[in-house]
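# Inside the fold
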Amino acid sequence: MFDKIREGLQSAIKRLLDRDVVDEAAIKEFVRDIQREMIQADVNVKIVYQLSKDVENRLLAEKAKPGISIKEQAITVLYDEMSKIMGGQAQVIPPKNKMYTVLLVGIQGSGKTTFAAKLARYFTKKGYKVGLVCADVFRPGAYEQLKTMADRVPVEVFGNKGKDAVKVAREGKEYFKAKGLDIVIVDTAGRHKEEKSLLDEMKQIENGVSPDLALLVIDGTIGQQAFSQADAFAKATKVGGIVVTKLDGTAKGGGALAAAAATGAKIMFVSTGERIDDLEEFSPTRFAGRILGMGDIQGLIERVKSLETEVDSETTRRITSGKMTLDDFATQLEQMGKLGPLQKIMEMMPGLPKIEDASLKQMENNLVKWKAIMKSMTAEERKDVSLLGSSRIRRIAYGSGVTEKEVKELLNRFEQMKKMMKSAKKMRFNRDLLRQMSAGA
Ligand SMILES: Nc1nc2c(ncn2[C@@H]2O[C@H](COP(=O)(O)OP(=O)(O)OP(=O)(O)O)[C@@H](O)[C@H]2O)c(=O)[nH]1
Ligand SMILES: [Mg+2]
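Everything in this summary refers to the structure shown in the same document. Keep in mind that this is a model prediction, so the values were computed, not measured.

Glancing now at the sheet that holds strand 8 (residues 279-281). Within the open sheet, the eight strands sit side by side as 3-2-4-1-5-6-7-8. Their pairing is mixed. Strand pairing shows two members of the sheet lacking a second neighbour, strand 3 (156-159) and strand 8, which therefore form its edges. With direction set aside, neighbouring strand axes in the sheet form an average angle of 25°. Relative to strand 4 (residues 183-188), helix 5 (residues 112-125) is tilted by about 170°, and along the sheet it contacts strand 1 (100-105), strand 2 (130-135), strand 4, strand 5 (213-219), strand 6 (240-245), strand 7 (267-271) and strand 8.

Written out as structure tokens, the structure reads:
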């Protein structure tokens, strides 16, 4: 998701980080870089202009804060402004004592039916009792499509062929109300290719069904064209929210999100694939972070801080003086594991070279293997690897189900790591390492 724009912005960031001096000219060039990348990702020109002007003004006006380099400042400001253009956070929290009705509308093929099932799943996981209503009386097979997906949740689908949509929706509500459900999701027909007639019909259904929430489902592949749909919709309903779909298959997703947010409409969910669980609540800060390739960098820093306290000073001294033991190494690996999957950690660090998924997978596998190998060693062996002659290595390999070569590989890595840690002595442990990696300062 967002691969193209992320790569573009990351290389802009990297170019900035690679500079020796960051002066006014460098900042202006950074801003121009960003403009170019965003326009290529189909972000609306006005939005790009506003964002880049704000970033530039802030960077030129604000003095770098103590302890933060101008480079870090540039990334933080960009992140901040990107979060702003993504709009506010809007969560859906249906009450549990009263039935809550969600109406889905959207033009043909935007992903309503798929989303209906995903949303049913989302609410079911949160402990709500959910029912689906197929009010698409237009397309043959609409009921079956919804039913197939609903079976995977699983939730019940109410449908009644050959009647008008409003009537079916009303009957569906009554039906599920009698069963004591918490939430009813109404899927409608997308017989429209353009928004005017869509909105006319939506108002009609809305009046008939009186939903608590009307969601406009927008296909993310239309990029900045999302603006006019979201805008017209926001004006037509008081209970509206936006869903942007197909973000997995498009380079224009960032443009669609920014355009929808620019209308003032609330983006509530994004859909990122065809599977039933490919749904996310929309969070502006998280998405800005992802587009910049730093994910939830704040969250990561917090986690690293909390891990730091777990490493006592004795261990730190041992490691940085080149006397790291395999136990220490195991602890390090353990802690990396706590930060989350490598893939995620990597995504959170702008400016890191892109690592192929395959080699990441390989690294993950190694970590699992190494842990097993170290578990098959005795405490003495972990304290002093020089004990590990060929017969012990054979025993360990056997005990952990790997080859002797793999045990030796681990020992090599461990030696390398030991050297690296010694030379990194001046660096204050994890946090500084992370800061270096994340900001290149
Ligand atoms: N890659 C991807 N495909 C999606 C996503 N959401 C929906 N699709 C696909 O888009 C196509 C249309 O999805 P539907 O859910 O049938 O769309 P709809 O709005 O109900 O269509 P109509 O009822 O005909 O208006 C299907 O092939 C879905 O599998 C998504 O997030 N990612
Ligand atoms: Mg449909």
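Once you've had a look at it, read on.
Judged by nonpolar contacts, the single largest core of 73 residues is most densely connected at Met38, Met82, Ile242 and Leu257. If one sorts the elements of this core by residue count, helix 4 (residues 70-85) sits on top with seven residues. No fewer than three residues from each of domain 1 (3-85) and domain 2 (100-289) sit in this core. For Ile242, the residues in contact, after removing those within four places along its chain, are Leu215, Leu216, Ile218, Ala230, Phe233, Ala260, Ala265, Lys266, Ile267, Met268 and Phe269. Ranked by size, the runner-up nonpolar core spans 33 residues in total, among them Ala117, Val157, Leu215 and Phe269.

Attention now goes to the site of ligand 1. Lys112, Thr113, Thr114, Asp248 and Glu274 are the nearest of the 18 residues found near ligand 1. Backbone polar atom of Gly109 to an oxygen atom of ligand 1: 3.0 Å apart, as the coordinates give it. Taking 650 Å² as the accessible area of ligand 1 by itself, protein coverage stands at 80%. Sort the elements by how many residues they give to the shell around ligand 1 and helix 5 lands first, with four residues. Broken down by class, the residue content of the shell around ligand 1 amounts to no nonpolar, eleven polar and seven charged.

Restricting attention to buried positions, one finds in helix 18 (residues 390-400) the residues Ile393, Ile396, Ala397 and Ser400. All buried residues of helix 18 project into a common sector of 100° when viewed along the axis, lining one side. Of the residues in helix 18, the exposed ones pointing more than 90 degrees away from the buried face are Ser391, Tyr398 and Gly399. Downstream of helix 18 by one or two residues, Gly401 has phi in the positive range, about 70°.

Here the focus is helix 3 (residues 45-61). With 17 residues, helix 3 should reach 24 Å at 1.5 Å per residue; the first-to-last C-alpha distance of 24 Å fits that figure. Of the positions making up helix 3, those classed as buried are Ile47, Val48, Leu51, Ser52, Val55, Glu56 and Leu59. Each buried residue of helix 3 sits inside an arc of 155° when the element is viewed along its axis, so together they form one side. Exposed side of helix 3, more than 90 degrees from the buried face: Lys46 and Ala61 are the residues found there. Contacts from the buried residues of helix 3 go to helix 2 (24-40), helix 4 and helix 10 (253-262). Measuring from the backbone nitrogen of Lys46 back to the side-chain oxygen at the start of helix 3 gives 2.8 Å, which picks out Asn44 as the cap.

Below, the discussion takes up the packing of aromatic side chains. Enumeration over the complete set of coordinates arrives at nine aromatic pairs. When the ring of Phe115 is compared with that of Phe269, the centres are 5.8 Å apart and the planes differ by 55°; the resulting orientation is tilted. Here Phe115 is found in helix 5, whereas its partner Phe269 is found in strand 7, with 154 residues between them in sequence. Phe269 shares its class with Phe115; the two are buried. With a centroid separation of 5.1 Å and an interplanar angle of 70°, the aromatic rings of Tyr175 and Phe176 are classed as edge-to-face. Take Phe176: its relative accessible area is 0%, and that puts it in the buried class. Sitting over the ring of Tyr128, Lys96 keeps its end group 5.0 Å from the ring centre.

Cut-offs applied
Residues numbered from 1 in each chain as written. Chains lettered and ligands numbered in written order. Predicted model: local features only at pLDDT ≥ 70, side-chain atom pairs only at ≥ 80, totals over all residues. Heavy atoms only, no water. Pairing = 2+ DSSP bridges. Helix = DSSP H or I, 4+ residues; strand = E, 2+ residues; numbered from the N terminus. Axes fitted to C-alpha atoms, helices over the stretch in contact; angles between N-to-C directions. Contact = heavy atoms within 4.5 Å. Core = buried A, V, L, I, M, F, W, Y, C linked by side-chain atoms within 4.5 Å. Buried < 20%, exposed > 50% of the residue type's maximum accessible area, 1.4 Å probe, protein only. Domains from an automatic or database assignment. Near = heavy atom within 4 Å. Polar contact = N/O pair within 3.5 Å; in protein donor to acceptor, adjacent residues only side chain to side chain. Areas by Shrake-Rupley, 256 points an atom, 1.4 Å probe, with all protein chains shown as cover. Nonpolar A, V, L, I, M, F, W, Y, C, P; charged D, E, K, R; others polar. Arc of directions from axis to C-beta. Expected span 1.5 Å × (residues − 1). Phe/Tyr/Trp six-rings, centres within 6.5 Å; stacked < 30°, edge-to-face > 60°. Lys NZ or Arg CZ within 6 Å of the ring centre and 35° of its normal.

Treat this as a map of the structure, not an account of what it does.
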